[in-house]
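Survey of secondary and tertiary structure
So you can see what is in the structure, the chains are spelled out below.
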Amino acid sequence: MSRGTTTMSQLHVIGNSLCVFFWASIAALYFHGADGFVNHSAHGLCPSMYIRNVVHDLERLTKCRVIEGNLQISLIHNGVASAYMNYSFPQLREITGYFLLTWADGLQTLKNLFPNLTIIRGQEFVYNYALLIREMSGMYEIGLPSLTNIMSRGVYISRNPNLCYVDTIDWARITNDASINDIQKNKPSDQCPNLCPLNRCPKAESDSRDLCWSNSDCQIVHKDKCPGCGGRPCTEDNKCCDEQCLGGCYASNSPSECFVCKNVELLDMNPTKIVCLSHCPKSTFEYLNRRCVTEDECRNIQSSDPRKRNLRGKRLDNFNGNDVCVLECPKNYKTVVQNDREFCEPCDGKNKE
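Residues numbered from 1 in each chain as written. Predicted model: local features only at pLDDT ≥ 70, side-chain atom pairs only at ≥ 80, totals over all residues. Heavy atoms only, no water.

1. A closer look at the nonpolar core
Side chains of a nonpolar character, in soluble globular proteins, are inclined to be buried together. Core analysis: the biggest nonpolar cluster contains 43 residues, and Phe99, Phe114 and Trp171 have the highest contact counts within it. Elements that contribute at least two residues to this core include exactly β1 (45-53), β2 (66-76), β4 (99-104), β6 (129-134), β8 (154-158) and α3 (171-175). Looking at this core, the element that brings in the most residues is β2, giving 4 residues. (Core = buried A, V, L, I, M, F, W, Y, C linked by side-chain atoms within 4.5 Å. Buried < 20%, exposed > 50% of the residue type's maximum accessible area, 1.4 Å probe, protein only. Helix = DSSP H or I, 4+ residues; strand = E, 2+ residues; numbered from the N terminus.)

Given below as structure tokens:
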């Protein structure tokens with residue numbers, strides 16, 4: 001089944017291009033190595049993760065709360081379903097880039113692996129997609145019951161011959177734009193059970209079908225689940241989350257109880273907790289549009305891309321009204337060094353608004 005405005009010829013080109021991308025990106029990891037991806041930052045912050053070859057490589061995701069970058073699971077040959085059941089990562093709530101899943105033998109569902117994955121930001125993407133599931137021969141359901149938002153870009157789900165419970169998801173509610181989603185060449189709907197929990201799940205606006213990830217997990221639609229919260233998420237007992245929360249919260253009306261921050265997060269060391277804010281306070285810098293860091297923390301951030309190991313964080317003042325931390329200076333800016341510290345400066349000496 002296809003959705004969106006993409007033509008079949010365009011899909012063919014995209015499919016072939018994606019195939020080339022998959023192999024090229026995986027090959028790049030072999031040639032450049034990936035040993036720098038194992039270390040975890042404090043407070044559950046992890047760099048891009050590329051899981052490949054063997055199921056136990058999933059261990060590298062232990063303690064990850066946020067992947068600041070991309071997650072790829074691919075090229076796991078001769079994997080069996082029981083091996084994946086040994087792993088679960090309930091702490092993982094957020095991926096800032098894309099999530100790509102392809103050629104992982106034996107993987108039937110993501111439900112046990114990522115039961116609480118809530119947000120894919122899509123700051124990095126593949127051919128306009130932030131969630132890509134392709135050629136997963138053993139997968140029978142996607143199984144991401146906590147996923148509520150793909151902040152940028154769409155989904156590409158293709159060539160998964162046994163995959164069901166794809167058409168029981170209202171992907172437009174997740175991506176906010178149905179036209180950017182391409183879903184095709186999976187198991188035909190009339191050959192799938194696609195049975196949602198009885199009288200429990202929200203309904204699609206277009207055709208009133210029940211919305212679910214499986215026969216036990218409804219799709220979360222906050223405006224239906226939390227009708228008195230003005231579109232905000234709510235707790236399990238339907239109390240409204242703070243306006244800075246995204247995807248849900250542990251307790252109501254507190255910016256330090258959010259599953260994921262809508263704008264930026266700040267680590268408060270007294271006591272140690274994460275607080276969600278609308279913008280970063282003075283003397284801090286916004287990194288990846290999602291967290292606030294000090295200047296020293298910024299300079300200690302290193303690229304997780306093995307091809308860009310020499311890149312480190314540098315401050316960029318008053319960029320579109322914000323002080324930010326970047327690995328590479330944007331267009332019309334140059335890197336300058338003063339007192340052994342790098343920062344970005346406008347090429348013409350004036351701030352670019």
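Following the structure, the description resumes.
2. Re the pairing of strand β19 (residues 341-346)
Two faces belong to every sheet, and in a regular strand the side chains alternate between them. Sheet analysis places strand β18 (residues 333-338) next to β19, joined by 6 bridges and oriented antiparallel. In the strand pairing of β19, glutamine 338 is matched with arginine 341. The loop that links β18 with its antiparallel partner β19 comprises 2 residues; one of these, asparagine 339, has a positive phi angle of about 55°. (Pairing = 2+ DSSP bridges.)

3. With respect to the pairing of β2
Taking burial as the measure, the 11 residues of β2 include 11 buried ones, the bulk of the element. Direction of pairing for β1 relative to β2: parallel, over a ladder of 8 bridges. Bridge pairing in β2 links leucine 45 to valine 66.

4. Examining unusual backbone geometry
Phi is positive for asparagine 194, close to 45°, though the residue is something other than glycine. Among the secondary structure elements, asparagine 194 is positioned in the loop between β9 (182-184) and α4 (222-225). A positive phi is found at leucine 288, a non-glycine position, where the angle reads about 55°. Mapped onto the elements, leucine 288 comes out in the loop between β14 (285-287) and β15 (291-293).

5. Considerations on the state of the cysteines
On inspection of all chains with the given rule, the structure shows 12 disulfides. Here cysteine 245 is linked by a disulfide to cysteine 258, with a sulfur-sulfur distance of 2.0 Å. As the torsion about the S-S bond is roughly -70°, the cysteine 245-cysteine 258 disulfide counts as left-handed. Residue cysteine 245 is found in strand β10 (residues 245-249), and its partner cysteine 258 is found in strand β11 (residues 258-261); the two are separated by 13 residues along the sequence. No disulfide involves cysteine 347; its nearest neighbouring cysteine sulfur is the one of cysteine 329, lying 8.7 Å away. (Disulfide = S-S within 2.5 Å.)

Geometric descriptors of this kind do not, in isolation, establish any biological role.
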